[in-house]
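Given next are the chains, with one letter for each unit.
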Amino acid sequence: MSFEPKILGILCNWCSYTGADLAGTARMKYPANMRSVRVMCSGRVDPGFILNALRSGADGVLICGCHPGDCHYVEGNYKCMRRIPLTKKLLADMGIDPRRLRLEWVSASEGARFQSVVTGFTEEIRTLGPLELRELNFDAEHPAGTAQEISAAAS
Amino acid sequence: MISIEIDGKQIEVEEETTILNAANALDIKIPTLCYNELIEPYAVCRICVVEVIRRKRTRLVTACNYPLRESVKVRTNSERVLKLRRMNLELLMARAPAAKIIQEMAAEMGLETTRFPIENPKESCILCGLCVQMCQDVVGAYAIGFADRGSKREVSTPYERTPETCILCGACAQVCPTGHIRMTDAEERIIHSKLSLGPNAAITIPFRQAIPNVPRIHAEHCIHFKTGECMLCSKVCPKDCIHYDDKDEIEEFEIGAVIVATGFDDFDPTPMKQLGYGRYPNILTGAEFEQMNNAGSPTGGKIVMENGEEPRSVAILHCIGSRDENYHKYCSRVCCMYALKFAHLVKEKSNAEVYQLYVDMRAFGKGYEEFYQRILDEGVNVIRGKGTEIVPNRSGAGDGALLVRCEDTLIGKFREIPVDMVVLCSALEARSDATDLARKLNISAGADGWFIESHPKLGPVSTTTEGIYLAGVCQGPKDIPDTVAQGSAAAAQAMKMLAQGQILMDAAYAEIAEEFCSGCRICNGLCPYNAISFDETKKVSNVNSAMCKACGTCVAACPTGAIAARHFTDEQIYAQIEGILV
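Residues numbered from 1 in each chain as written. Chains lettered and ligands numbered in written order. Predicted model: local features only at pLDDT ≥ 70, side-chain atom pairs only at ≥ 80, totals over all residues. Heavy atoms only, no water.

Student: Before we go on, may I ask you to explain the sheet that holds strand S3 (residues 49–54) of chain B in this structure?
Tutor: The strands making up a sheet are joined through hydrogen bonds of the backbone, oriented either antiparallel or parallel. All names here are of chain B. If you walk across this open sheet you meet the five strands as S2-S1-S5-S3-S4, and the pairing is mixed. A single partner strand is all that each edge strand has here, and the edge strands are strand S2 (9–13) and strand S4 (57–62). Neighbour to neighbour, the strand axes of the sheet diverge by 30 degrees on average, direction disregarded. Here strand S1 (residues 2–6) runs beside strand S5 (residues 73–75); their pairing, made up of two bridges, is parallel. Bridge assignment links Glu5 to a residue of S5, and that residue is Lys73. Where helix H2 (residues 79–95) meets the sheet, it contacts S3, S4 and S5, and its direction lies at approximately 150 degrees from that of S3. (Pairing = 2+ DSSP bridges. Helix = DSSP H or I, 4+ residues; strand = E, 2+ residues; numbered from the N terminus. Axes fitted to C-alpha atoms, helices over the stretch in contact; angles between N-to-C directions. Contact = heavy atoms within 4.5 Å.)

Student: For this particular structure, what's the right way to read the sheet that holds strand S4 (residues 101–105) of chain A?
Tutor: Residues and elements named next belong to chain A. Pairing is parallel across the open sheet formed by four strands, whose spatial order is S2-S1-S3-S4. In the strand order of this sheet, the two ends are held by strand S2 (34–39) and S4, each with one partner. Direction aside, the axes of adjacent strands within the sheet are offset by 20 degrees on average. The pairing of strand S1 (residues 7–12) with S2 spans six bridges and is classified as parallel. Counted as the bridge partner of Ile10 is Val37 from S2. Running over the sheet, helix H3 (residues 76–93) touches strand S3 (60–65) and S4 and is turned about 160 degrees from S4.

Student: Looking at this structure, how should I read the environment of Leu130 of chain B?
Tutor: Residue and element names in this part refer to chain B. Of note, Leu130 is situated in helix H4 (residues 130–139). Between the alpha carbons of Leu130 and Asn36 there is a distance of 7.8 Å; along the sequence they are 94 residues apart. Those residues within four positions of Leu130 in sequence are excluded, and the remaining contacts are Leu33, Cys34, Asn36, Ile39, Val175 and Pro177.

Listed below in structure tokens is the structure:
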């Protein structure tokens, strides 16, 4: 059986999620490997989400937002644009191929582009093979959690 | 005020009023040639001569520039006056025998010939100097003046060359009483290529149905903006409405809703070289043809070619720039029906043959198919095939100066149709500034530039931004009934929102847990809506939930994780990620 990668897609509500919806209503086929999570804006994407996803079994993470200048929230995608290269560096330092993380711009009217982006990324991850994290020795039982959780645990 | 008597009629006039104006007030007509109310009287034609009786002394004066200062009697048609007027006219007849107005005046006064020798039978200038005064005093261009002296005196340009100072305003031709000066180019062309039909004044009412129905000045043609002089329009305006120093102003309004109804741009067919638009005469776009058909157009609604003649045949080409891989892939939706209307207009107003070159006939609305049938019954030639090329008809065969080449797909043959006039049904395209406006209003525009509604079926007038609604072609090509329907719907939506006085907010917004906020203020600068403020007393940041749009940028940036985006908290997203990847 060939390797079927698991891919997490984090899509912004206004452009990419709508674009994915358009691809769906237009009956465009793209690989089922991508499972999507909706956020309001690509600026909401915390690098923690990406690390968490890779630890939880994702072989690749695709972030999609509005084209630069078209953000529904004026400039959220620019924030994302600056965070992703830093996260890629971090991944490389951790021994994870930075190609497993990709940032793409897909507007609400670009159903066809969404299709080609997802297909292309899935193919790339397929050639990269499954992500092996065993030797990195994560403590899956005790994730870092949020400030509230840490505080609650400490008190 | 002084009391004067003209031809036995009494009138009270202000001091310094001229006899001519006083007589006008009494409806007594004094003939003039060189008088123009806009120009200081020069009294050179001597036709307006009248008799003034002052203290039993009788004098002959010119009515146009004689100021009344005391009570006098004036006689405008005594024997002595008429005799002198005839003499003066005879002299003018010898000077300018070709001037039509002088011939008419002579006939009126019973003069047949002049006793003086005629030097040049083709002369029509009476040397009144109105044109010179106009050019120097009003326009301020100093492009024409008097040259030579005595019997050789003439109106001329400096050194008889085309003067550089002439701004081609045409004011000299406008005031010339005998028609000696003419604007040749402006008179010959009836249709300009750039939608400005006919010779225009620099101050016009844009079109008859314009709202507001007031004139506006075209600064690029206005004499005042070229030389700083003229200002005649403000001199004649009785209400003092004309302000030359008016500037575009930016005003700020507080509003509760926005209806975007910015319309469309007309596709310019000039880049489609094969169609010859702008290169060959009598090739018009739909909008230009429509404007020509307007009763208020310079042609008075008549369908005429540039030479003023009625066309013998007209071709109407559909789908110019629309349904075309090279320009716009979409259908512009309105062209088929207006093209049929054009065919009907041509048939109604002229005897021209009409050819419709269509790709698919889309008569989709109520009564539209019936109208199509009616056009067929009227004898319009309907050809299925796209007009591919327009060239001049060099052989001159057939009824037309142009040849339209097309493939008639129903008979499977190439055809060349000779026509006199071509109407190009050019596409509707999104305004060139549509994407800028979309960005300003925070709404989205599709790849073609049309604004995107919130849902294609369930939200056809609203946008993704609350309180902003779409109406008309800015959302996509549509005809007048559809535009009116959408406009009414948008107005109703806006009214509904304003009448409620409150709006439903999304439950999603960001919250700051004060106990975890370190007061670093990173989030303050990140918020695109300035929803986050810093509480100086508590040294923590606060989110104004009404201003927050829940983008979550601050949440991702908060170093202590004190900010939570409701409905998109870290816990929820982590749970989703972990759940989805099982």
